[in-house]
Every structure is written in structure tokens, then in C-alpha cells.
Amino acid sequence: MQETAAGRRPAPIAPGWRNSVGRAGASDRAGDRSPEKAVRDLWRPATPRRGPATYTPGVLLADDGRGLPSEPRTAVRCIELANLGVNRAAVIEQAERVLGPDATRADAYGVWLAILALQYTGDVVSADAQCERLARHPLWSGSVRHQNLLRLLRARSSLMSGDATRASNLLKAALADEGPAFPACLAIAWLIEALVHIGELDQAHEVLLEHGLVGRLSAGLPDRPHVLAARGALHMAMGQFQHAVDDYTACGRTLAALNVVNSTVIPWRSRAAFGALAVQRYDLALALAEDELIAARKWGSARGVGAALHAVAIARRGESSVPLLEEAVQLLDLGQARTELMQALYDLGTLQVERKDVAGGRSRLEAAGAVARECGNAYWAERVRLGLARLSGPDNGRTLTRQEIKIAQLARAGYSNQRIAETLFLAVRTVEFHLSSVYRKLAISGRRELATALGSVAA
């Protein structure tokens, strides 16, 4: 995000649900329940929700699927089982049944749900092959509605495989051609997520503003969980960590009310855990990460388990962190989850450098850079380059003064230069001087890189 001369940033996007994390913290301090139970109760509704039996992204169903033609009914049962995060083999079997030889003539949304379920299982290759087969059929190639559904599915597969640039291009094209019954909110959410991954934060913020998805979101907004998760991702990238935690936790409550347990639908817990760490809510971060790991292991997807292990490793910050991250890297590589893989490699390399294993850390950072280049992700490739450059500096770049660390931490949290000056009782010009020194010492260009660069310095 571009900053002004005074160091200001765009105002935070107010999350749709606020302050629950603070309530949990107060209860923890009161000692009337364990920290883990306190934070986990936030996203577990006390009573079951009435209404649709399951969450079907991009599809508004009036009931639980009864009365639908056979293909959509089977697809709804398939996605329902996937949402519960159990019996992955049965989900694959049912999806393949829907996507059999007659799939080209089947109901479009039944096919949509079946391919989406395949993506949840981690079988992105099969999901892409189904999209290619359908794209060659006259019914699907001759209909804007069908083409756009395929664009969305291909975009999601591209993002899962690490090609966020291709994903953003496909989603922009789909939004430009949207017609009746088009799942616009889902496409917008996925576009924001793709833009965040390639560092186009200004564009992502503009997309939110253009479509009126700032402030409190309506409870009936289509695909509200994905919109909240996308906003959370943008908040994280902008350094607005508490807002990110709020949006991710709201996403989790919404999914829980729709009977969604599977972390591969939206890995909101692991993402919220990183935000909780940034605002020093360590109990919350660990509870979120460990809860996701339990759910991911029940489902059995290499991608899901790898992403959850990444979050657990960072949340624990102990002797087991490096081995856990190494296991996460292996699983993410196995699951071809290159978006998550480059981030896990980056964090593993940074952690190894913190533990004085500079050679091992350099090797992991170089591997992260190689994955970023393979994915065509210039943003992450540059972040890795700067991380490697810091290793060549004096004392591996760890030369910030105590005052510089305080100012840098506030800047990372989204404070303007004026507000930092008021908080620390300094002149604005003094703050500007110290920030310039921080950027020079860390070999970064501005506030956007502080989120990762500052972590190892302040550890």
C-alpha cells in the first residue's frame, strides 16, 4: 500500500464483527475458564442454525437439496460431506460420479459443486482436467454463464497452485462478463485474495470500495465467509492485525453456523493465528492453530495439514518449531500448494537464521525464492531477495536500536507518523528520521515490508 509523505495509510476496513477477542481475553484473566476453551467458544455457536443444511459457495439453495435433479442433489450431498471434513474418499467418489461421461450435459451448478469438492480434497490436477474437458464441449464453450463458472474454478485452482497472477486475470475477466446468477461476491473475494498474494494491495482495496464491501456486512450477503476472509487477508498485508483477527473470527463464526468444519474450505483459523501473534495474543494464536490442525488431520489433505502445521510451528515458537515447519514444507510440497509453500519456506528460513543456523536459513530462503519465481510471483521473489540481503548485512541486519524497534513496531501496526510521535512523545521529524534508518538497516523500501522484516529483528 502506498503511503503519503506523512506516513498515513488508508483507513482500516471496519470488520463486520468486533471485540469478541477482547471479551475472551478478559475472561481468561478472570480465570473462569481455560484460554483454549475461551477462544474456541468464540466460533462454536450455542445452538444449531436453522436453514440450509450446508454451505454451497456460489449457489443459493432454498432447501437442503430435496426436489433438485439428481446431479445437483448428489453434488450438494458431496459438498456437505466435504464441509464436515470427514470421509475424504467418499467425497472424491461422489464428485467423480457427478463428473462422469454425462457431466457436459449436467446441471451447471451441480458440476460446479463437484469440481469445488475435488479442490477441497486437494486434487487440483483432476479438477483442472475436468475444467479442460468441459471447456471443449459446445454447451459450456457457447454459454457465458458456463464459461464464467469455469473461469472461477480455474482461478481457484491457479491460486491453490501458486499462480496468483493468472488467478487475478481470470477473475477480472469473469467479473467483466458477469451475467444473471453469477456469484459476484465469491469472485470479488477470490480476486482480493489473489491481489494480496501478488502484493497489489491498492488494487485489492479499490475492489472492496468499488463493490461496497467495507464496514459491517449484511448477514444475508452471498458468500459472506469468503468476503470476510478476503478482507482479513488484506488487513494482514496492510499491517492492521487486530482488524484481520476480527474479520477471520467473524468468518469462522459464520462457517460454524453453516456446519462447515473443514479447514480447506477457508483456512481461517491458521490465518487468524498469525494476526493474533502480531497483536501478542499468544494463547489465542496457539488455540486457533491447534484447532485447525485437529480438523485438518481428520480430513487428511496434505495441503490442509501442512498449512495448519505452519501456523502451529510459528505459534509455539519453541524447540519443536523448526521440525514442525520442515514437516509442513514437505506436506505442502507434496500437495503442490505452492502459495503456502513459499510462505512456509520463508518463515522456516527466517526462523533458522534466528536460531543461528544461517546456512540452513539461507538455503530455505533461496528455495522460497525459487518457488516464487516458478509461480511468476514478483512480489514474493522480491521479499525473499530482501531477506537474503539482510543476511549479508552486519550482524545479519540486527542493528536496530531500542527506540527504532518501538517506532518500527508501531509503524507495522498501521500507526501514522503523527500518531507514533504522539504515542512516544517525539517530534514527527524524529519519527521520520528513525523510520528512514530502520528501512536502510533492514534493506526494505517501506512499511509494507515491516511485517516480515521486523519479526526476526524484534524476536
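Residues numbered from 1 in each chain as written. Predicted model: local features only at pLDDT ≥ 70, side-chain atom pairs only at ≥ 80, totals over all residues. Heavy atoms only, no water.

By the naming in an unreviewed UniProt entry, the protein goes by HTH luxR-type domain-containing protein and is assigned to Streptomyces javensis.

Undergrad: Go over the overall build of the protein with me, naming the residues and quoting the values.
TA: If you tally the helices and strands in the protein, you get 24 helices and zero strands. The buried share among the 459 residues of the protein stands at 57%. Considering only intrachain contacts with a sequence separation of at least 6, the fraction spanning at least 24 residues in the protein is 64%. Total accessible area on the protein is roughly 19100 Å²; 51% of this is exposed by carbon and sulfur atoms. (Helix = DSSP H or I, 4+ residues; strand = E, 2+ residues; numbered from the N terminus. Buried < 20%, exposed > 50% of the residue type's maximum accessible area, 1.4 Å probe, protein only. Contact = heavy atoms within 4.5 Å. Areas by Shrake-Rupley, 256 points an atom, 1.4 Å probe, with all protein chains shown as cover.)

Undergrad: Mind laying out the packing of helix α18 (residues 338-354) against helix α20 (residues 378-391), listing which residues take part and the relevant values?
TA: Running from N to C, α18 and α20 cross one another at 10°; their axes reach a closest spacing of 11 Å. When the axis of α18 is compared with that of α20, the two are roughly parallel. Of the residues in α20, those in contact with Met-342, Gln-343, Tyr-346 and Val-353 of α18 are Trp-380, Arg-383, Val-384, Arg-390 and Leu-391. Class assignment of the residues belonging to the contact of α18 with α20 gives a composition of six nonpolar, one polar and two charged. (Axes fitted to C-alpha atoms, helices over the stretch in contact; angles between N-to-C directions. Parallel < 35°, antiparallel > 145°, perpendicular 65-115°, else oblique. Nonpolar A, V, L, I, M, F, W, Y, C, P; charged D, E, K, R; others polar.)

Undergrad: Please give an account of the nonpolar core that cites residues and values.
TA: One finds Trp-112, Ile-115, Leu-152, Ile-192, Val-196 and Tyr-248 to be the most contacted residues of the largest nonpolar core, which totals 128 residues. In this view, Ile-192 contacts Ala-204, Val-207, Leu-208 and Ala-230; residues no more than four positions away in its chain are not counted. In terms of nonpolar packing, the next biggest core, distinct from the first, is built from 16 residues, Leu-386, Ala-421, Val-431 and Val-438 among them. (Core = buried A, V, L, I, M, F, W, Y, C linked by side-chain atoms within 4.5 Å.)

Undergrad: Can you break down the packing of aromatic side chains residue by residue, with the values?
TA: Using the criterion set out here, one finds three aromatic pairs in the structure. Aromatic side chains Tyr-346 and Trp-380 sit 5.6 Å apart centroid to centroid with 80° between the ring planes, which places their arrangement in the edge-to-face category. Taken together, the positions of Tyr-346 in helix α18 and Trp-380 in helix α20 put the pair 34 residues apart, joining distant regions of the chain. Judged by its relative accessible area of 3%, Tyr-346 falls in the buried class. (Phe/Tyr/Trp six-rings, centres within 6.5 Å; stacked < 30°, edge-to-face > 60°.)

Undergrad: Could you give me a rundown of unusual backbone geometry, with the residues and numbers involved?
TA: Even without being a glycine, Asn-87 presents a positive backbone phi close to 55°. With respect to the helices, strands and loops of the structure, Asn-87 is situated in the loop between α3 (70-84) and α4 (88-98). Judged by its relative accessible area of 46%, Asn-87 falls in the partly exposed class. With a phi close to 65°, Asn-259 is a non-glycine residue in the positive phi region. Positionally, Asn-259 belongs in the loop between α13 (241-257) and α14 (268-278). The class of Asn-259 is partly exposed, set by a relative accessible area of 34%.

Undergrad: Quick rundown of the side chain of Thr-339? Include the residues and the values.
TA: Structurally, Thr-339 can be placed in helix α18. A residue is classified by how much of its surface remains accessible, and Thr-339, at 6% relative accessible area, is buried. Excluding its chain neighbours within four sequence positions, the residues that come into contact with Thr-339 are Leu-159, Met-160, Gly-162 and His-197.

Undergrad: How would you summarise the pattern of salt bridges if you had to cite specific residues and measurements?
TA: Inspection of the entire model under this criterion finds twelve salt bridges. The residue Arg-154 makes a salt bridge to Glu-132 at a minimum N-O spacing of 3.2 Å. Within this pair, whereas Arg-154 is found in helix α8 (residues 144-160), its partner Glu-132 is found in helix α6 (residues 124-135), the two being separated by 22 residues in sequence. Note on Arg-154: relative accessible area 19%, which makes it buried. Taking the relative accessible area as the measure of exposure, Glu-132 reaches 38% and is therefore partly exposed. Put simply, Arg-317 and Glu-354 hold a salt bridge, and the shortest N to O gap is 2.9 Å. Remark: Glu-354 occurs in helix α18 and Arg-317 occurs in the loop between α16 (302-316) and α17 (321-334); sequence separation between them is 37 residues. Salt bridges here are not isolated pairs; linked through shared partners, they connect Arg-156, Glu-193 and Arg-271. (Salt bridge = Lys/Arg side-chain N within 4 Å of Asp/Glu carboxyl O.)

Undergrad: Quick rundown of helix α10 (residues 184-197)? Include the residues and the values.
TA: Across its 14 residues, α10 extends 20 Å between first and last C-alpha, which sits within 8% of the 20 Å expected from 1.5 Å per residue. Counted residue by residue, α10 has 13 buried out of 14 residues, so it is predominantly covered. (Expected span 1.5 Å × (residues − 1).)

Undergrad: Give a description of the packing of α8 against α10 that names residues and reports values.
TA: Interaxial distance between α8 and α10 falls to 11 Å at its minimum, and their mutual angle equals 30°. Taken together, the axes of α8 and α10 are roughly parallel relative to one another. Our pair here, α8 against α10, has a crossing hand that is left-handed. Contacts between α8 and α10 involve Leu-152, Arg-156 and Leu-159 on the former and, on the latter, Ala-187, Trp-190, Glu-193, Ala-194 and His-197. Its residues assigned to classes, the contact of α8 with α10 shows five nonpolar, one polar and two charged. (Left-handed = near helix turned anticlockwise from the far one by under 90°.)

Undergrad: Pulling in residues and values, what's your account of the confidence of the model for the protein?
TA: With 81% of its residues at a pLDDT of 70 or more, the protein has an overall mean of 82. Note on residues 42-52: pLDDT under 50 across the span, and 18 contacts to partners over four residues away in sequence or across chains. Across residues 62-67 the pLDDT falls below 50, and counting only partners more than four positions away or on other chains, this stretch makes three contacts in the model. (pLDDT = per-residue confidence, 0-100.)

Undergrad: Could you give an account of helix α19 (residues 358-374), with specific residues and numbers?
TA: With 17 residues, α19 should reach 24 Å at 1.5 Å per residue; the first-to-last C-alpha distance of 24 Å fits that figure. Looking only at α19, the buried set comprises Gly-360, Gly-361, Leu-365, Ala-368, Gly-369, Val-371 and Ala-372. Turning to α19, the residues buried within the fold contact α18 and α20. One or two residues past the end of α19 sits Gly-376, with phi positive at roughly 70°.

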